[in-house]
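Chain and residue survey
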Amino acid sequence: MSTQADSFKSIMYALAANAVIAVAKLFAALYTGFIRKKIEAELENCPEVDRVLNMITLQLGNDIMVAVKARMGEFPTAHEMVVAINRCEAGLRGKFPEIRWIFFEPDIDD
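Re the state of the cysteines
Enumeration according to the criterion identifies one disulfide in this entry. One disulfide in the model links Cys-46 with Cys-88; its S-S distance is 2.1 Å. Disulfide Cys-46-Cys-88: torsion about the S-S bond near -85 degrees, hence left-handed. Taken together, the residues Cys-46 in the loop between α1 (2–45) and β1 (49–60) and Cys-88 in helix α2 (residues 78–95) connect sequence positions 42 residues apart. Each member of the pair Cys-46 and Cys-88 is classed as buried.

A closer look at the environment of Ile-99
Tracing the backbone through its elements, the reader meets Ile-99 in strand β3 (residues 99–107). Along the backbone, Ile-99 and Ile-85 are 14 residues apart, and their C-alpha atoms lie at a distance of 15 Å. Not counting residues up to four positions away in its chain, the partners in contact with Ile-99 are Ile-39, Ile-64, Val-66, Leu-92 and Arg-93.

Looking at α2
With 18 residues, α2 extends 26 Å from end C-alpha to end C-alpha; this agrees with the ideal 26 Å at 1.5 Å per step. For α2, every residue scored as buried is listed here: Ala-84, Ile-85, Cys-88, Glu-89 and Leu-92. Within α2, the buried residues cover an arc of 140 degrees as seen down the axis, which keeps them to one side. Of the exposed residues in α2, the ones pointing more than 90 degrees away from its buried face are His-79 and Gly-94.

Some thoughts on the sheet that holds β1
Spatially, β1-β2-β3 is the arrangement adopted by the three strands of the open sheet, whose pairing is mixed. The sheet terminates laterally at β1 and β3, the two strands that pair on one side only. Going from strand to strand, the sheet's axes swing by 15 degrees on average, the running direction of each strand aside. Bridge analysis of strand β2 (residues 63–72) against β3 gives eight bridges, and the strand direction is parallel. Looking at β3, one finds that Met-65 is bridged to Trp-101. Packed on one face of the sheet, α2 meets β1, β2 and β3 and runs near 145 degrees to β3.

A word on the pattern of salt bridges
For the coordinates displayed, the defined rule picks out five salt bridges. Arg-36 is the partner of Glu-40 in a salt bridge, and the nearest nitrogen-oxygen pair spans 3.0 Å. Of this pair, Glu-40 and Arg-36 are both found in helix α1, four residues apart, which corresponds to roughly one turn of the helix. The exposure class of Arg-36 is partly exposed, given its relative accessible area of 26%. The partner of Glu-42 in a salt bridge is Lys-95, and the shortest N-O contact between them spans 3.5 Å. With Glu-42 in helix α1 and Lys-95 in helix α2, this pair connects stretches of sequence that are 53 residues apart. Taking relative accessible area as the criterion, Lys-95 reaches 55% and is therefore assigned exposed.

Each value, and the rule that gives it
- Residues numbered from 1 in each chain as written.
- Predicted model: local features only at pLDDT ≥ 70, side-chain atom pairs only at ≥ 80, totals over all residues.
- Heavy atoms only, no water.
- Disulfide = S-S within 2.5 Å.
- Helix = DSSP H or I, 4+ residues; strand = E, 2+ residues; numbered from the N terminus.
- Buried < 20%, exposed > 50% of the residue type's maximum accessible area, 1.4 Å probe, protein only.
- Contact = heavy atoms within 4.5 Å.
- Expected span 1.5 Å × (residues − 1).
- Arc of directions from axis to C-beta.
- Pairing = 2+ DSSP bridges.
- Axes fitted to C-alpha atoms, helices over the stretch in contact; angles between N-to-C directions.
- Salt bridge = Lys/Arg side-chain N within 4 Å of Asp/Glu carboxyl O.

Take a look at the structure:
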């Protein structure tokens, strides 16, 4: 009888652990979605960006990776566009210190 009770306890502990993991994943997904919207809004407010075409965020522990594809404003030279992109990236990092990597692709269409 003790074996059945021990098996039942083990199953209940496993179910409880899985429930805790599921709740933690739910909160992580909600937090990531919230941060993603704030990051996208910040990019949209960057004067050098005409429109965010596509964006991916990935939470890696405490760090966030951002990959963004954006239509940029007009710039006389490629160098000036790169400087503008660097300004946008610096603004993001200033507001979101958890961003560790930013991959920024200027484009005209998604």
